[in-house]
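# Descriptive structure summary
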Amino acid sequence: MPLDNANNKGVTGAITGVTGTLGAAVGGLTGTVGGVVGAAGRGVGQTINNTTGTKAVGDGLQGLTNGIENGTAKLAKGVEDGSKGKKVW
């Protein structure tokens, strides 16, 4: 929520509140999607490893989806921090 000072009253305060809420929602959704991709990749990768007896393809898939999961988690944190007015870089 906006702080109670002269810079966050009226229209500016309303816009700050909306963008903060929107940023938090986008950040949360991004994190969720990344988590789902990572979990799915680990599951499919493990299935490939177990059914084929080879580890190269399954481990490669797991590595790829883990990278996506980690990247989206960092992106989500940055979006959420930015929506709170925190410096993100």
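Structure shown above.
Bear in mind that the values here come from a model prediction, so they are computed numbers and not experimental data.

The next subject is the pattern of salt bridges. A complete count under the given rule lists 3 salt bridges for this structure. Between arginine 42 and glutamate 69 there is a salt bridge; the shortest N-O distance is 2.7 Å. One end of the pair, arginine 42, is in helix H1 (residues 10-52); the other, glutamate 69, is in helix H2 (residues 56-83), with 27 residues separating them in the sequence. A relative accessible area of 34% places arginine 42 in the partly exposed class. A salt bridge links lysine 77 to aspartate 81; the shortest N-O distance between them is 3.0 Å. Placement of the pair is lysine 77 and aspartate 81 together in helix H2, with a separation of 4 residues, close to one helical turn. Relative accessible area serves as the criterion here: at 49%, lysine 77 is assigned to the partly exposed category.

Before going further, it helps to spend a moment on the environment of asparagine 70. Mapped onto the elements of the fold, asparagine 70 is located in helix H2. Look at asparagine 70 and you get partly exposed, because its relative accessible area is 47%. C-alpha of asparagine 70 to C-alpha of glycine 34: the two residues are 36 residues apart in sequence and 7.4 Å apart in space.

Let's shift gears to the side chain of threonine 30. In this structure, threonine 30 sits in helix H1. We classify threonine 30 as buried; its relative accessible area is 18%. Within the local environment of threonine 30, its side chain forms a polar contact with the backbone oxygen of valine 26, the two atoms lying 2.8 Å apart. If we skip the residues at most four places from it in the chain, threonine 30 touches Thr72, Leu75 and Ala76.

Analysis parameters
Residues numbered from 1 in each chain as written. Predicted model: local features only at pLDDT ≥ 70, side-chain atom pairs only at ≥ 80, totals over all residues. Heavy atoms only, no water. Salt bridge = Lys/Arg side-chain N within 4 Å of Asp/Glu carboxyl O. Helix = DSSP H or I, 4+ residues; strand = E, 2+ residues; numbered from the N terminus. Buried < 20%, exposed > 50% of the residue type's maximum accessible area, 1.4 Å probe, protein only. Polar contact = N/O pair within 3.5 Å; in protein donor to acceptor, adjacent residues only side chain to side chain. Contact = heavy atoms within 4.5 Å.

Geometry only, nothing functional implied.
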